[in-house]
Amino acid sequence: MILVVGDVVDDIGVLPLEPVAPRSDTRAQIRMTPGGSAANTAAWLGFLGAQTRFLGKVGNDGVERHGDALREHQVEPRLVADPLLPTATIVLTLDDDADRTMYVDRAANGTLTQADLPDDLWDGVDWLHLTGYTFFDPQTRDVAIDLIAEAKRRGAGVSVDPSTTAFLREVTPEAFAEWTRGVDLLVPNLDEARLMVGATGPFVDFDALTRMYPQVVVTLGSMGAAYVAGGDREQVAAPRIQVVDTTGAGDAFTAGFLASWLEQKDPRAALAGGIGAASRCVQQRGARP
């Protein structure tokens, strides 16, 4: 059982259909879909056949709606309703390269507390996955740190996706490394990896990363992904595909990697699994399978 804890969000995706007209009207395709980095990862894990449980916090209107969306992909949802705040919302605008800019309202996500964790949350859990957003929010940071400690106490492995360079830079990589002490696997993208080691040139010091975390998987966009653990290094290239929307690609990769890694412990197979899921994700609108 993989336990994923973190953000669940209503994504509002905005795709301009013509050049943007500032201070006026622009024709666009606008869709609301279920999202949130942690919930997306859980959905892809369930879709790929991994036994998955997800815990997150939503508005009163979100328990059934987001629960159904997770169950659609065979995920066991443990959603907690906030009595006052709405479900978190992100507005994503897509540019000509299918990359996105995000405007974030964490809303109910920011009120997750230890009291929201049920006694049976850990039943059967072998692995815990967290995303950076829970660490970056001062209101939920202690929950994330305590979850790592509880996972280690129970002998479960832990992975973390740093999630965003903007917030990582704001809190400093040094603080993030301290909060995530004891994590078994870090899954940054290339920009996050460069920021973690203070890289100023085009290369990442993988040795510096593995001094902080025993295993690191860096996603490299169109170049694929690399796995590093001590002296063991593997890299798998990505196929050439038509990219429609990059939203959720990192979440899909993490799910594909973990689903394979926890079953086979083969880095190359796990990298290929991650790249396969991410490639599928970017060829469609939205962040879920």
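Above: the structure in question.
First, a word on scope: everything that follows refers to the structure included in this document. Keep in mind the model is a prediction, meaning the values are calculated, not measured.

### Let's talk about the overall build of the chain
Phase 1: For the chain, the helix and strand inventory stands at ten helices and 13 strands.
Phase 2: Since a compact globule built from 289 residues should have a radius of gyration of about 19 Å, the 18 Å found for the chain is in line with a globular shape.
Phase 3: Considering only contacts in the chain between residues 6 or more positions apart, those separated by 24 or more positions represent 66%.
Phase 4: Here the chain has roughly 13,200 Å² of accessible surface; of this, 50% comes from carbon and sulfur atoms.
Phase 5: The positive charge centre, built from 25 side chains, and the negative charge centre, built from 40, are 2 Å apart in the chain.

### Topic: the pattern of salt bridges
Phase 1: Taken as a whole, this structure holds 17 salt bridges when the rule is applied.
Phase 2: Across the pair D245 and R285 runs a salt bridge whose closest N-O atoms are separated by 3.7 Å. With D245 in the loop between β13 (232-236) and α9 (249-264) and R285 in the segment after α10 (267-282), the pair connects residues that are 40 residues apart, well separated along the chain.
Phase 3: Classification of D245 as buried rests on a relative accessible area of 3%.
Phase 4: Linked by salt bridges that have partners in common, R53, E76, R78 and D120 make up one network.

### Description of the environment of Q283
Phase 1: Considering the arrangement of structural elements, one finds Q283 in the segment after α10.
Phase 2: Looking at Q283, the relative accessible area reads 42%, which means it is partly exposed.
Phase 3: When the C-alpha positions of Q283 and H73 are compared, they lie 19 Å apart, and in sequence the two are 210 residues distant.
Phase 4: Leaving out residues up to four positions away in the same chain, Q283 has contacts with I241, Q242 and V244.
Phase 5: For Q283, the side chain forms a polar contact with the main-chain oxygen of S279, separated by 3.0 Å.

### What to know about the side chain of T219
Phase 1: Its location among the elements puts T219 in strand β11 (residues 215-219).
Phase 2: Note on T219: relative accessible area 17%, which makes it buried.
Phase 3: In this view, T219 contacts P188, N189, L190, G224, A225 and F253; residues no more than four positions away in its chain are not counted.

### Digging into the sheet that holds strand β8 (residues 127-131)
Phase 1: Pairing is mixed across the open sheet formed by nine strands, whose spatial order is β5-β4-β1-β8-β9-β10-β11-β12-β13. At either end of the open sheet lies a strand with only one pairing partner, and these are β5 (75-82) and β13.
Phase 2: The pairing of β8 with strand β9 (residues 157-161) spans five bridges and is classified as parallel. Following the sheet pairing, W127 is matched in β9 by G157.
Phase 3: Contacting β4 (52-59) and β5, helix α2 (residues 62-71) runs over the sheet at an angle of about 165° to β5.
Phase 4: α10 rests against β11, β12 (225-229) and β13 of the sheet, and its axis sits at about 35° to β13.

### Brief notes about the sheet that holds strand β7 (residues 100-105)
The strands making up a sheet associate through hydrogen bonds between their backbones, and the pairing can be parallel or antiparallel.
Phase 1: Judged by pairing direction, the sheet is mixed, and its four strands sit side by side in the order β3-β2-β6-β7 without closing on themselves. Single-partner strands in this sheet number two, and they are β3 (28-35) and β7. Here the average twist between neighbouring strands, direction ignored, is 20°.
Phase 2: Looking at chain direction, strand β2 (residues 9-16) and β3 are connected through eight bridges and run antiparallel. Considered in β3, the bridge of L15 is made with Q29.
Phase 3: The strands that α2 touches are β2 and β3; relative to β3, the one it contacts most, it runs at about 85°.

### Points about the packing of helix α1 (residues 37-47) against α9
Phase 1: Closest axis-to-axis distance for the α1/α9 pair is 8 Å, and the angle between their directions is 45°. Compared by their axis directions, α1 and α9 come out oblique. With respect to the hand of their crossing, α1 and α9 are arranged in right-handed fashion. From α1, S37, N40, T41, W44 and L45 reach across to α9, where they touch D251, A252, T254, A255, L258 and A259.
Phase 2: Classifying every residue of the contact of α1 with α9 gives six nonpolar, four polar and one charged.

### Re the packing of aromatic side chains
Phase 1: Applying the stated criterion to the full structure yields nine aromatic pairs.
Phase 2: Plain terms: the ring middles of F136 and F176 are 5.6 Å apart, the flat faces sit at 35° to each other, and that makes the pair tilted. Of this pair, F136 sits in helix α3 (residues 132-136) while F176 sits in helix α6 (residues 173-179); the two residues are 40 residues apart in sequence, bridging distant segments of the chain.
Phase 3: A residue is classified by how much of its surface remains accessible, and F136, at 8% relative accessible area, is buried.

### So, the nonpolar core
Nonpolar side chains tend to gather and get buried jointly when the protein is soluble and globular.
Phase 1: Counting 42 residues, the largest nonpolar core has L128, L130, F176 and L209 as its most contacted members.
Phase 2: For this core, the element with the highest residue contribution is helix α4 (residues 141-154), accounting for five residues.
Phase 3: Residues within four places of L128 in sequence aside, it is in contact with L3, V5, W122, L147, I148, A151, G157, V158 and S159.
Phase 4: With 35 residues, the next largest nonpolar core counts A42, V75, V217 and F257 among its residues.

Rules used throughout
Residues numbered from 1 in each chain as written. Predicted model: local features only at pLDDT ≥ 70, side-chain atom pairs only at ≥ 80, totals over all residues. Heavy atoms only, no water. Helix = DSSP H or I, 4+ residues; strand = E, 2+ residues; numbered from the N terminus. Rg over C-alpha atoms; globule rule 2.2 N^0.38 Å. Contact = heavy atoms within 4.5 Å. Areas by Shrake-Rupley, 256 points an atom, 1.4 Å probe, with all protein chains shown as cover. Lys, Arg positive; Asp, Glu negative; His and termini not counted. Charge placed at Lys NZ, Arg CZ, Asp CG, Glu CD. Salt bridge = Lys/Arg side-chain N within 4 Å of Asp/Glu carboxyl O. Buried < 20%, exposed > 50% of the residue type's maximum accessible area, 1.4 Å probe, protein only. Polar contact = N/O pair within 3.5 Å; in protein donor to acceptor, adjacent residues only side chain to side chain. Pairing = 2+ DSSP bridges. Axes fitted to C-alpha atoms, helices over the stretch in contact; angles between N-to-C directions. Parallel < 35°, antiparallel > 145°, perpendicular 65-115°, else oblique. Left-handed = near helix turned anticlockwise from the far one by under 90°. Nonpolar A, V, L, I, M, F, W, Y, C, P; charged D, E, K, R; others polar. Phe/Tyr/Trp six-rings, centres within 6.5 Å; stacked < 30°, edge-to-face > 60°. Core = buried A, V, L, I, M, F, W, Y, C linked by side-chain atoms within 4.5 Å.

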